[in-house]
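If you want the building blocks of each chain, they are given just below.
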Amino acid sequence: MSDSMSRMLLSRISSVVTLPQTPKDDPAKGAANFTSQVIIMNHPGQIGNGYAPVLDCHTSHIAVKFSEILTKIDRRSGKELEKEPKFLKNGDAGMVKMTPTKPWWSRLLEYPPLGRFAVRDMRQTVAVGVIKSVDKKDPTGAKVTKAAVKKGAK
């Protein structure tokens with residue numbers, strides 16, 4: 001491909017695709033926990049606090065824990081039916097606070113298509129949902145590697 005042809009292609013691509021910019025004052029951080037709206041579709045029993053399935057969100061697969069079921073809501077209207085229910089079962093919808101077991105990217109609210117997920121357990125999809133809010137981890141309490149210590153000592 002000639003140089004002029006590649007420049008033309010790049011100019012066409014850049015006019016169509018706008019890549020996201022990460023501001024220096026707000027870099028991507030791990031999610032400490034996040035609140036999501038979940039609809040239980042296919043679970044044989046009840047789902048309560050402490051339930052630990054795998055969450056498939058866009059291209060990532062992460063183990064999470066249902067830390068706290070905040071409210072049970074109406075699937076269609078979104079109105080709150082019950083505050084702090086003990087469990088959710090098939091057909092129920094609720095707002096749930098989830099905690100990832102490993103560090104996880106938290107820029108999902110800026111890109112809504114990435115915030116939709118499936119909850120999988122027992123080799124099947126048991127629920128679907130969407131992330132509503134993310135609590136970011138404070139990076140100041142992060143573990144410092146040996147390489148970072150050496151670099152800082154120079």
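Please refer to the structure placed before this passage.
Residues numbered from 1 in each chain as written. Predicted model: local features only at pLDDT ≥ 70, side-chain atom pairs only at ≥ 80, totals over all residues. Heavy atoms only, no water.

Visitor: Outline the pattern of salt bridges, listing residues and values.
Guide: Scanning all chains against the criterion turns up four salt bridges. Put simply, Glu-82 and Lys-72 hold a salt bridge, and the shortest N to O gap is 3.8 Å. Highlighted residues: Glu-82 in strand β5 (residues 80-83) and Lys-72 in strand β4 (residues 60-73), separated in sequence by 10 residues. By relative accessible area, which is 36% here, Glu-82 ends up partly exposed. Given the relative accessible area of 14%, Lys-72 is considered buried. A single salt-bridge network, built from bridges that share partners, covers Lys-72, Glu-82 and Asp-92. (Salt bridge = Lys/Arg side-chain N within 4 Å of Asp/Glu carboxyl O. Helix = DSSP H or I, 4+ residues; strand = E, 2+ residues; numbered from the N terminus. Buried < 20%, exposed > 50% of the residue type's maximum accessible area, 1.4 Å probe, protein only.)

Visitor: Please provide a residue-by-residue account of the packing of aromatic side chains, values included.
Guide: If you walk through the whole model with that rule in mind, you get one aromatic pair. Taken together, a centroid distance of 5.3 Å and an interplanar angle of 80° make the contact between Tyr-51 and Phe-66 edge-to-face. Linking Tyr-51 in the loop between β2 (47-48) and β3 (54-57) with Phe-66 in strand β4, this pair joins segments that are 15 residues apart in sequence. The ring of Phe-87 is capped by Lys-72, whose NZ or CZ atom sits 5.9 Å from the centre of that ring. (Phe/Tyr/Trp six-rings, centres within 6.5 Å; stacked < 30°, edge-to-face > 60°. Lys NZ or Arg CZ within 6 Å of the ring centre and 35° of its normal.)

Visitor: Could you give an account of the environment of Ala-118, naming the residues involved and the relevant values?
Guide: On the secondary structure map, Ala-118 appears in strand β8 (residues 116-121). Residues Ala-118 and Gly-129 lie 11 residues apart in sequence; the distance between their C-alpha atoms is 6.4 Å. Ignoring anything within four residues of it in the chain, the contact list for Ala-118 reads Val-54, Leu-55, Asp-56, Thr-125, Ala-127 and Val-128. (Contact = heavy atoms within 4.5 Å.)

Visitor: How would you summarise the pairing of β5 if you had to cite specific residues and measurements?
Guide: As paired strands, β4 and β5 are joined by three bridges and run antiparallel to one another. Note on β5: the bridge partner recorded for Thr-71 is Lys-83. In sequence, β4 turns back onto β5 through a hairpin of six residues, with Gly-78 there showing a positive phi of about 85°. (Pairing = 2+ DSSP bridges.)

Visitor: Which residues make up the nonpolar core, and what are the values?
Guide: Judged by nonpolar contacts, the single largest core of 21 residues is most densely connected at Phe-34, Val-38, Leu-55, Met-98, Trp-104, Phe-117 and Val-119. At the level of secondary structure, the elements contributing two or more residues to this core comprise β1 (31-40), β3, β4, β7 (93-100), β8 and β9 (124-136). Apart from residues lying up to four places away in sequence, Met-98 is in contact with Asn-33, Phe-34, Ser-36, Val-38, Leu-55, Val-64, Lys-65, Phe-66, Ser-67 and Phe-117. (Core = buried A, V, L, I, M, F, W, Y, C linked by side-chain atoms within 4.5 Å.)

Visitor: Quick rundown of unusual backbone geometry? Include the residues and the values.
Guide: For Met-122, which is not glycine, the phi torsion reads 55° and is therefore positive. Position of Met-122 relative to the elements: it lies in the loop between β8 and β9. Owing to a relative accessible area of 46%, Met-122 belongs among the partly exposed residues under this scheme. Even without being a glycine, Arg-123 presents a positive backbone phi close to 60°. Assignment of secondary structure puts Arg-123 in the loop between β8 and β9. Look at Arg-123 and you get exposed, because its relative accessible area is 82%.

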